[in-house]
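An overview of the molecular structure
One letter stands for each residue in the lines below.
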Amino acid sequence: MASFQFWLLILYLTILNFMTGFIRLRVRGDTLGSYQMSNEERCRRLCRYHWRCSHFSYSYKRPLEHNCVLHTGYLAILEADCGWVQEEASQSVGNACGSRLCDDAEVCVPSPGQPFRNCLPVSSEGNSSSQFSAADGLQFLACRLTAGVNQSAYDKYVDSGTHDDTPQARASLLPGCLTLNGSLPCNTHYRSRLLDEWPGDAIDTVRVSVYNNGQQQRYVTFNGTGSTFLSWFAQDRVMASDWSDVRDEVLHRRGGFFSIEGFKYKRIIYRSFYVNRYHDGCSNDAGWLLVAEKDTCSYVPSAGPFPVILFSSADTYVNRNEAGYNKQADVLAVTVKFKKTPVAAFSGRCDP
């Protein structure tokens, strides 16, 4: 009798253990962490760059709660009416995060400069709402324009479907093209797929910076919220700059420009990323920034290949003919910072 009771107890504990494991699998799965993300792609990226993540689950019906769950092993069994989708993490990461060298409590985020990655802490369940996910608040390189490569900067920027951040494309790029250092070898412009996807509701700021030999010379930060990949570049979106007047200076009604598309004239002048206060003949041109694809004005160096990146080295706009202030840059970079998304408590329930 005692033996029968013993085996009955063992059977009960076995069934209980199985059922407990099944329920845990059904509700949560082998969970590494849960986060609030504004879209599925950001959840995918978080899993891809976390070295322990093998799968992720994302729900479209939980916008104000933890809707991104990372898994280290098996997947959770989630009800279809919860709006969950599940996907295995891609192991083909064509950047410095491919080796997944960060610690358990960190996520690897690619960086345009040495060492080409950042290991940043991720906030998970149980943390206070003042914490944020590591995918938020970081600057991602959306575009790098390289001086003197005999390619149109504007055409590359708007070339939908061209993505230099795929593993295959990155493998063929010269090493300098993935940095902001123009002294390193690079023979092309760099264009991220972010320009095609451009999640305006999730973008905090966009920054344009010009560099010489890896040193930032001037920058302008724009409000990117609600923008498109073209409309963010506008004077009424300027938030900060080391040009003190670029936000408030009144652009001349004839020849004032603040445009990525810029100015074209009879196929002999083509300027993009054009920020100009006054435009009325070469001797009168005054402004802050331009990328010259073709030009006939003497202040644009005619020797050597195009494009030429010119900027005012003063803290204001300058007449482009003014000696000493119309400087050349070797790189113009467009970087994007995503909004910080507060982490909410994981409730373990479906939304109605």
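If you're wondering where the values come from, they're calculated on a predicted model, not measured in any experiment. Chains are numbered independently. Their residues run from 1 in the order of the written sequence. Local features in this predicted model are restricted to residues whose pLDDT is 70 or higher, and side-chain atom pairs enter the listing and the counts only when it is 80 or higher, whereas totals over whole chains, interfaces and linings include all residues. Hydrogens and water are ignored here; the side-chain numbers use all heavy atoms of the structure.

1. As for the confidence of the model for the chain
For every residue, the predictor states its confidence as a pLDDT score lying anywhere from 0 to 100. Summarising the model, the chain shows a mean pLDDT of 76, and 69% of its residues fall at 70 or more. Averaged pLDDT values for the elements of the chain fall to 42 in helix α1 (residues 2–27) and rise to 97 in strand β11 (residues 238–241). By definition, residues are in contact when any of their heavy atoms lie within 4.5 Å. Note that pLDDT drops below 50 for residues 4–29; the model gives that stretch 18 contacts with residues more than four away or on any other chain. Note that residues 123–136 has pLDDT below 50 and, in this model, 42 contacts with residues that lie over four places away or in other chains. Numbered from the N terminus, helices here are DSSP runs of H or I no shorter than four residues, and strands are runs of E no shorter than two.

2. Some words on the sheet that holds strand β8 (residues 190–191)
With respect to topology, 6 strands assemble into an open sheet ordered β8-β7-β19-β9-β10-β11, the strand pairing being antiparallel. Of all the strands in the sheet, the pair left with one neighbour each is β8 and β11. Following DSSP output, two strands are said to pair if at least two bridges run between them. Note: strand β9 (residues 203–212) against strand β19 (residues 331–338), 8 bridges, orientation antiparallel. If you follow Tyr-211 over to β19, its bridge partner there is Val-331.

3. Structural notes on the pattern of salt bridges
Whenever Lys or Arg places a side-chain nitrogen within 4 Å of a carboxyl oxygen from Asp or Glu, that contact is recorded as a salt bridge. Here the structure, examined in full by the defined rule, presents 7 salt bridges. Here Asp-295 makes a salt bridge to Arg-271, at a shortest N to O gap of 2.7 Å. In this pair, Asp-295 sits in the loop between β15 (286–294) and β16 (308–312) while Arg-271 sits in strand β14 (residues 269–278), placing the two residues 24 residues apart along the sequence. Grouping residues by exposure puts Asp-295 and Arg-271 together as buried. Among the ionic contacts, a cluster of salt bridges with common partners joins Arg-271, Asp-285 and Asp-295. When accessible area is computed with a 1.4 Å probe and restricted to protein chains, residues below 20% of their type maximum are described as buried, those above 50% as exposed, and intermediate ones as partly exposed.

4. Points about the environment of Asp-236
With respect to the secondary-structure elements, Asp-236 resides in the loop between β10 (215–223) and β11. Given the relative accessible area of 70%, Asp-236 is considered exposed. Taking the C-alpha atoms as reference points, Asp-236 and Asp-248, separated by 12 residues in sequence, lie 8.7 Å from one another.

5. Concerning the sheet that holds strand β4 (residues 84–88)
Overall, antiparallel pairing links the 4 strands, which are arranged β1-β3-β2-β4 in an open sheet. The sheet is open, and its two borders are formed by β1 (31–35) and β4, each paired with just one other strand. Pairwise comparison of adjacent strand axes, ignoring direction, gives a mean angle of 15 degrees for this sheet. Pairing of strand β2 (residues 55–59) with strand β3 (residues 68–71) involves 4 bridges; the strand directions are antiparallel. For His-55, the partnering residue across the bridge sits in β3 and is His-71. Interaxial angles span 0 to 180 degrees and are taken between N-to-C directions of axes, which are lines fitted to C-alpha atoms, for helices over the stretch in contact.

6. Structural notes on the nonpolar core
Within the largest apolar cluster, 37 residues are counted, with the highest numbers of intra-cluster contacts made by Trp-232, Phe-233, Phe-273, Leu-289, Leu-332 and Val-334. Discounting chain neighbours no more than four positions away, the residues touching Leu-332 are Cys-143, Arg-144, Leu-145, Val-208, Ser-209, Val-210, Phe-273, Leu-289, Val-291 and Ile-309. In this text, buried Ala, Val, Leu, Ile, Met, Phe, Trp, Tyr and Cys residues form a nonpolar core when linked through side-chain atoms within 4.5 Å.

7. A short note on the packing of aromatic side chains
The description of an aromatic ring pair rests on the distance of the ring centres and on the angle between the ring planes. Aromatic contacts are taken between Phe, Tyr and Trp rings whose centres are within 6.5 Å, Trp giving its six-membered ring; a plane angle under 30 degrees counts as stacked, one over 60 as edge-to-face, and the others as tilted. Summed over all chains, the structure comprises 13 aromatic pairs. Geometrically, the ring pair formed by Phe-222 and Trp-232 is edge-to-face, given 5.2 Å between the ring centres and 75 degrees between the ring planes. Of this pair, Phe-222 sits in strand β10 while Trp-232 sits in the loop between β10 and β11, and the two are 10 residues apart along the sequence. A single burial state applies to Phe-222 and to Trp-232, both of which are buried. Judged by centre distance (5.3 Å) and plane angle (40 degrees), the ring pair of Phe-222 and Phe-233 falls under tilted. In this pair, Phe-222 is assigned in strand β10 and Phe-233 in the loop between β10 and β11, connecting sequence segments 11 residues apart. Relative accessible area serves as the criterion here: at 4%, Phe-233 is assigned to the buried category. Among the aromatic residues, those joined into a ring-pair cluster are Tyr-157, Trp-198, Phe-222, Phe-229, Trp-232, Phe-233, Phe-258 and Phe-273. Across the ring face of Tyr-219, the terminal group of Arg-207 is positioned such that the distance to the ring centre comes to 4.0 Å. Put simply, a charge is over a ring when the Lys NZ or the Arg CZ is close to the ring centre, within 6 Å, and near the line of the ring normal, within 35 degrees.

8. A few points about the state of the cysteines
Throughout, disulfides are identified as pairs of cysteine sulfur atoms within 2.5 Å of each other. Under the counting rule described, the total for this entry stands at 3 disulfides. In this model Cys-177 forms its disulfide with Cys-186; the gap between the sulfur atoms is 2.1 Å. Negative torsions about the S-S bond denote left-handed disulfides, and the value of about 110 degrees found for Cys-177 with Cys-186 makes this one right-handed. Both residues of the pair, Cys-177 and Cys-186, count as buried. Note on cysteine connectivity: Cys-282 is disulfide-linked to Cys-297, with sulfurs 2.0 Å apart. An S-S torsion of about -75 degrees defines the bridge between Cys-282 and Cys-297 as left-handed. With Cys-282 in the loop between β14 and β15 and Cys-297 in the loop between β15 and β16, this residue pair connects regions lying 15 residues apart in the sequence. According to the relative accessible area criterion, Cys-297 is buried, its value standing at 4%.

9. Regarding the pairing of β15
Extensive coverage of β15 is indicated by the burial of 8 of its 9 residues. Bridge analysis of β14 against β15 gives 6 bridges, and the strand direction is antiparallel. Bridging from a neighbouring strand, Ser-272 pairs with Val-291 of β15. The pairing of β15 with strand β17 (residues 318–319) spans 2 bridges and is classified as antiparallel. By the bridge assignment for β17, Gly-287 is matched with Val-318. Here 4 bridges tie β15 to β16, and the two strands are oriented antiparallel to one another. In the strand pairing of β16, Leu-289 is matched with Phe-311.

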